[in-house]
Amino acid sequence: MILVPCVTLGLVGVLSSVGTERIGAQSGAQQGELSTSEAAHHVLNRLGFGPRPGEVERVMKTGVSRWIDLQLQPRRITDAAAELALSRYPDLSRPPAALREMFPRPGVLQRAAGGQLSAADSMALRDQARAGRAFVGQIMSARVAQAVTSERQLQEVMTDFWLNHFTVFVGKNPLMRYCLPAYEREVIRPHTLGKFRDLLGAVAKSPAMLTYLDNAISVADSTRPTLVSREATQRRVQFARRAVRRGAQRPGARVDSATFERLMARRPRGLNENYARELLELHTLGVDGGYTQQDVIEVARALTGWTVRPGRRDDDGFFFNAAAHDAAEKVILGKRFPAGRGEDEGEAVLDLLARHPATARHIAHKLAVRFVSDAPSEALVDQVAEVFRNTEGDLTAVLRSIVTSKEFFSRAAYRSKVKSPFEVVVSAVRALGGTADSTAVTAALVARLGQPIYGHQAPDGWPETGDEWMNTGAILNRINFGLAVASNRIPGARASDWERYGVLRGAQRTEQVDAAIAAFLGGSASSDTREILMSGTNPLLAGGQTDSGAVDVDATVEMSVEGANMPPRRRPGRGAPPERQGSPDSMNVRNRFVPDRTNPLRTPPLGATRPLTGLDLVIGLALGAPEFQRR
Amino acid sequence: MRRRVFMKSGALALVTMGLSPSFLRRSAFAAELRRAPKGKVLVCLFQRGAADALNMVVPHGEAAYYTMRPGIAIPRPKRGDTSTTIDLDGFFGLHPALGAFEPLYRDGILAPIHAVGSPSATRSHFDAQDYLESGTPDLKSTRDGWLNRYLAVSGTCQACDVPASPFRAVSMTSQMPRILDGNAPTVAMASLGDFSVRATGSATERLEGLYRTGSADLVHASGKEMFEALKMLRSADPQRYRAEHGATYPASPFGQRLAEIAQLIKAGLGLEVAFADVGGWDTHVNQGAATGQLATRLRDFSQSIAAFVKDLGPRMDNVLILTMSEFGRMARQNGSGGTDHGHAGAMFAIGSQVSGGRVHGKWPGLAREQLYEGRDLALTTDFRSVFTEVLTRHMGADTTAKVFPGFVSGTPAWELLRGGA
């Protein structure tokens, strides 16, 4: 066994000659530093979503440090697999306006169709509605597919991290879904390892965030001067009103005067603090970051006018509305912002926040929790925060300081993190060497385990610590997930997809268990877990080589993806997408989005039951084991 | 999030040492657990997102209410007009969407409590929810919830002969809420139907074995608890439940959760504290008035609770429902036809023991100088006063000194509950 002192991990390639180490052996160095195999498992579990078959060996061959180095420069990694996976979702690369036309909401269609619908029209409407729901499924499914397939694993982990830090909720309003592909692709992904200020600015100007936290409808209070004279605005409104009245007389006019008056009445008329507050509390300074309620108000005032161009086909991006911007002086965190700077003022506020020491600490702490442990040392957080400050928030440098730290490679950190539901599902698919599932089933499973993608209502995002994810209900769902995988019910994550499945199926139990521990449990399991995996026989060895002869029923699996396993309302092709969970308010709540199961009591255990035997049972038990819940 | 980690760092330190809170539950605390008088149940329902108290329990006798909310005020009561306030006492009334509460109020088993909440000045949902759930306003370092402390601290309630039940405290949520987080054992589940391992026979036993042994860490402890709870629930047979007394629960998630709490109570599983939450109250935009967004939420809220009361029938003698929200909303409507974050709010207490049929709490008024910071309903009752009264008089706790450390209930001039436990 080759023990590598943590301090040498900074040296490129030093870990490359470790082919002789037996993977899966119980480490004799439980109290000491990580073995090379453990270090390889560790980086694959923390900088990635867990190892694919053979990947631990590949990382060991490359060298752990060199692999980390590569992951920190994702552009140097070719990623054909992820491109192929993503190519199955051509719609997602379209701009929001095009998506709105391709997948109009059923209500819009109905109105367009008018009162009388032929049978064929109704059918077409239904198909359209189905396509619309499938589109939401695609958004979620594509996230899982990329996390599963991408060779740029750290980029995927950071995408997950930042999408959670700057979380938005698909159910916020019916239009949010159209913003999501661009939010992920153009706002989050390009900046995951770039400068924090760039990321913050991109988010601040994104239609998704502007809508989610209501800044798009926040306008200067009527007592404040704006950049456009009020009289001019008033004149324009009156002109438009007259034009509409004249137009309404004509048949086929696009907007009647009643509609216009209603639109005018719904026009925003005041300050909305929602984004400003979460910008300070969650996105930058942190709740103990030393700001006051007055700072929240002043930041909200500075960001008035930061909005979205409403409903135009060609351009629904960021738009600075000078008429809505509070042009008076502000004082934020003790700094004076002179009157009349307009859009630049908001930029200056973001500069101030991005450079603030409290932000450095807040982000450093959150990243350390994600990558190292639920309770990182103050020393580590200090050190990372210092890198953040010294590099003006260079996230690659910040990440490097975390994943090359002694604490990162410490025994205490090793497998100390509890997986999130997203990590449970993605790591299971990866461990099986499964392909990305192009249906929305895998994504729906993530929801079923308690973490619906783009389904967190509150702006604080999903928890990063294990105590929040672990409870009796959670462990139950995870065990059931493992059973569903083992019974081949999950596309893309079938036990039978495992490349070793064919060979192992007829093998001795010991061999099956060793392989399962290596593939799913990070190469080592407690003696108790091993003993339980070992119990029972392989019916294929005992009673011939056919499935039909296997009557040694270890288990009857009732779980079915089509039945109890799926939240019905989120299933593609049935039920509404989760928008009704939200409403056009800000959903500023801490509880998590729970899929709407209108009648969970009567959810029958649908689907054919299949007995779990032999290798399938070993896989089911391994995925249900406590060791699989950690990374 | 850093704040939460900070709060829980004590627990995490134990986890690192291989001693989780769950493990502690089974040793140090188990011996000290006491139970409420047999059969007493407290159901806490959390309106997450800050429900608009002024449009739930409408002060229609206040002229200022109508001037501050020109677009969203609930019209003054008008007999026979179901789009107006339901008058309660000539000054307060219920939102018309809370119609299902009216008979409960008339029967004297429902009491609104107004101008109640957290004394903290925070208008952050997260802080305010934390404070409501920790029961320690403005103290962020508290790591457990007050309901859990009630369960865990010795001597809070009278001894009881019911053996320890994994369903003593149940949260009908997919995650354990902060209010029930802590050393005493608690169970969280999104629904009863979900609570089963989808395997039978020896596979289930083996899965259980995976968690029976090994280290006593967070994951193992959660698994152990789960398998214990599973066995009990199976014996209660939740699949065959039928609501009684002609009760019909709304098909909403909230309605279903209440139906399941009723089931747990009737199954005799030793349920003592139940929790559920319902979102959608953060009405910054277009909240509506007699109809609209808020009305829709209130209808589901009240109909679900009313169905629960009807379903339980005489069992309500032992059950008390308490509703809560992290704070109220601004007295004035905002620029988007909604209301921004405010201060004091309103609660409902429902149960046979409740001194119902009147609105509790001192009314602070809505004149400008009477408003908190010139904008919000002022606070006249600390929510801990209500919690204390419920824990002592309904649940039979001897003292709540350890549940609400440092809190001395001011002057409960009002009697929310009738008689002693």
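Residues numbered from 1 in each chain as written. Chains lettered and ligands numbered in written order. Predicted model: local features only at pLDDT ≥ 70, side-chain atom pairs only at ≥ 80, totals over all residues. Heavy atoms only, no water.

## So, the overall build of chain A
When helices and strands are counted, chain A shows 28 helices and six strands. Relative to its full complement of 631 residues, chain A shows a buried share of 60%. Taking the contacts inside chain A whose residues are at least 6 apart along the sequence as the reference set, 74% of them involve residues at least 24 apart. If you sum the accessible surface of chain A, you get close to 23,700 Å²; carbon and sulfur atoms cover 52% of it. (Helix = DSSP H or I, 4+ residues; strand = E, 2+ residues; numbered from the N terminus. Buried < 20%, exposed > 50% of the residue type's maximum accessible area, 1.4 Å probe, protein only. Contact = heavy atoms within 4.5 Å. Areas by Shrake-Rupley, 256 points an atom, 1.4 Å probe, with all protein chains shown as cover.)

## Quick notes on the overall build of chain B
Within chain B, the secondary structure is distributed over 12 helices and 11 strands. A buried classification covers 67% of the 421 residues belonging to chain B. When contacts within chain B are restricted to residue pairs at least 6 apart in sequence, long-range pairs at least 24 apart make up 73% of them. Accessible area for chain B stands at about 13,400 Å²; split by element, carbon and sulfur atoms hold 53% of it.

## Side note on the confidence of the model for chain A
Residue and element names in this part refer to chain A. Summarising the model, chain A shows a mean pLDDT of 80, and 74% of its residues fall at 70 or more. Contacts for the low-pLDDT stretch residues 1-29, under 50 throughout, to residues beyond four places or in other chains number 57 contacts. Of the regions scoring below 50 in pLDDT, residues 543-609 engages in 208 contacts with residues more than four places distant in sequence or in other chains. (pLDDT = per-residue confidence, 0-100.)

## Some words on helix α12 (residues 383-394) of chain B
Residues and elements named next belong to chain B. The end-to-end C-alpha distance of α12 is 16 Å, a good match for the 16 Å that 12 residues give at a rise of 1.5 Å each. Among the 12 residues that make up α12, 10 are buried, leaving the element largely enclosed by the rest of the structure. One or two residues past the end of α12 sits Gly 396, with phi positive at roughly 80 degrees. (Expected span 1.5 Å × (residues − 1).)

## Digging into the side chain of Asn 45 of chain A
All names here are of chain A. Considering the arrangement of structural elements, one finds Asn 45 in helix α1 (residues 36-46). Taking relative accessible area as the criterion, Asn 45 reaches 13% and is therefore assigned buried. Non-local contacts of Asn 45, meaning those with residues more than four positions away in its chain, are made with Gly 50, Pro 51 and Arg 631.

## Topic: the sheet that holds strand β11 (residues 381-382) of chain B
Residues and elements named next belong to chain B. Overall, mixed pairing links the eight strands, which are arranged β7-β6-β8-β1-β9-β10-β5-β11 in an open sheet. Two strands in the sheet have a free side with no partner beyond their single neighbour: β7 (187-188) and β11. Along the sheet, helix α11 (residues 293-312) contacts β1 (41-47), β8 (273-278), β9 (319-325) and β10 (345-350); its crossing angle with β9, the most-contacted strand, is approximately 170 degrees. (Pairing = 2+ DSSP bridges. Axes fitted to C-alpha atoms, helices over the stretch in contact; angles between N-to-C directions.)

## Observations concerning the packing of aromatic side chains
Residue and element names in this part refer to chain A. Under the definition given, this model contains 27 aromatic pairs over all chains. Ring geometry for Phe 49 against Phe 422: centres 5.4 Å apart, planes inclined by 80 degrees, an arrangement best described as edge-to-face. With Phe 49 in the loop between α1 and α2 (55-62) and Phe 422 in helix α20 (residues 421-431), this residue pair connects regions lying 373 residues apart in the sequence. Considered together, Phe 49 and Phe 422 belong to a single accessibility category, that of buried residues. The lysine or arginine in question, Arg 143, covers the ring of Phe 422, its NZ or CZ lying 4.8 Å from the ring centre. (Phe/Tyr/Trp six-rings, centres within 6.5 Å; stacked < 30°, edge-to-face > 60°. Lys NZ or Arg CZ within 6 Å of the ring centre and 35° of its normal.)

## Remarks on the sheet that holds strand β3 (residues 86-87) of chain B
Residue and element names in this part refer to chain B. Judged by pairing direction, the sheet is antiparallel, and its three strands sit side by side in the order β2-β4-β3 without closing on themselves. Edge positions in the sheet fall to β2 (57-58) and β3, since each of these pairs with one other strand and no more. Where β2 and strand β4 (residues 93-94) come together, two bridges link them in antiparallel fashion. Bridging across to β4, Val 57 finds its partner in Leu 94.

## A look at the packing of helix α14 (residues 274-283) of chain A against helix α15 (residues 293-302) of chain A
All names here are of chain A. Two elements in contact, α14 and α15, have axes separated by 8 Å at closest approach and are oriented at 120 degrees. Relative to α15, α14 is oriented oblique. In this structure, α14 meets α15 at a crossing whose hand is right-handed. Contacts between α14 and α15 pair Ala 276, Arg 277, Leu 279 and Leu 280 from the former with Gln 293, Asp 295, Val 296, Val 299 and Ala 300 from the latter. Class assignment for the residues of the contact of α14 with α15 results in six nonpolar, one polar and two charged. (Parallel < 35°, antiparallel > 145°, perpendicular 65-115°, else oblique. Left-handed = near helix turned anticlockwise from the far one by under 90°. Nonpolar A, V, L, I, M, F, W, Y, C, P; charged D, E, K, R; others polar.)

## Description of the nonpolar core
Membership of the largest hydrophobic core comes to 245 residues, with the highest contact counts inside it found for Phe 520 of chain A together with Phe 308 of chain B. Considering each element in turn, this core owes the most residues, 10 residues, to α11 of chain B. Taken together, domain 1 (85-173 + 419-571 + 597-631) and domain 2 (216-354) of chain A each give at least three residues to this core, which thus spans both. In this structure, Ala 111, Met 176, Leu 180 and Ala 188 of chain B belong to the second largest nonpolar core, which totals 38 residues. (Core = buried A, V, L, I, M, F, W, Y, C linked by side-chain atoms within 4.5 Å. Domains from an automatic or database assignment.)

## With respect to the packing of helix α10 (residues 196-204) of chain A against helix α16 (residues 343-355) of chain A
All names here are of chain A. One can describe the packing of α10 onto α16 by two numbers: an axis separation of 10 Å at closest approach and a directional angle of 140 degrees. Between α10 and α16, the crossing angle belongs to the class labelled oblique. In this structure, α10 crosses over α16, and the sense of that crossing is right-handed. Along its contact with α10, which presents Phe 196, Arg 197, Leu 200, Gly 201 and Ala 204, the element α16 presents Glu 347, Leu 350, Asp 351 and Ala 354.

## Thoughts on the environment of Gln 138 of chain A
Here Gln 138 of chain A is to be found in helix α7 (residues 119-149). The spatial distance from the C-alpha of Gln 138 of chain A to the C-alpha of Gly 32 of chain A is 45 Å, given a sequence separation of 106 residues.

## Quick word on the environment of Asp 79 of chain A
All names here are of chain A. Tracing the sequence through the fold places Asp 79 in the loop between α3 (64-71) and α4 (80-87). A relative accessible area of 6% places Asp 79 in the buried class. When the C-alpha positions of Asp 79 and Ser 150 are compared, they lie 6.2 Å apart, and in sequence the two are 71 residues distant. Beyond its immediate sequence surroundings of up to four residues, Asp 79 is in contact with Thr 149, Ser 150, Glu 151 and Arg 152.

## Some words on the pattern of salt bridges
Residues and elements named next belong to chain A. Evaluation of the coordinates by the stated rule reveals 46 salt bridges over all chains. In this structure, Arg 370 engages Asp 160 in a salt bridge whose closest nitrogen and oxygen atoms are separated by 2.4 Å. You can see Arg 370 sitting in helix α17 (residues 357-371) and its partner Asp 160 sitting in helix α8 (residues 153-165), a full 210 residues away along the chain. Residue classification places Arg 370 among the buried positions, given a relative accessible area of 5%. Exposure remark for Asp 160: the relative accessible area of 7% places this residue in the buried category. The partner of Arg 301 in a salt bridge is Glu 298, and the shortest N-O contact between them spans 3.0 Å. Of this pair, Arg 301 and Glu 298 both sit in helix α15, separated by three residues, roughly a single helical turn. Of the residues examined, Glu 298 reaches a relative accessible area of 8% and is grouped as buried. Each of Arg 143, Asp 160, Arg 370, Glu 423, Glu 464 and Arg 631 takes part in a single network of salt bridges with overlapping partners. (Salt bridge = Lys/Arg side-chain N within 4 Å of Asp/Glu carboxyl O.)

## A short note on the confidence of the model for chain B
Residues and elements named next belong to chain B. Taken residue by residue, chain B gives an average pLDDT of 84. The fraction at 70 or more is 85%. pLDDT under 50 marks residues 1-35. Its contacts with residues more than four places away, or in other chains, come to 82 contacts. Every residue in residues 154-163 is under pLDDT 50, and counting partners more than four places away or in other chains gives 33 contacts. The complex model carries a pTM of 0.73, and its ipTM stands at 0.77.

## Points about the pairing of strand β5 (residues 110-117) of chain B
Residue and element names in this part refer to chain B. For β5, the tally of buried residues reaches eight of eight residues, placing the bulk of the element in the interior. Relative to β10, β5 is paired through six bridges, and the arrangement is antiparallel. Across the sheet, residue Val 116 finds its bridge partner in β10, namely Gly 345. Looking at chain direction, β5 and β11 are connected through two bridges and run parallel. Considered in β11, the bridge of Gly 117 is made with Asp 382.

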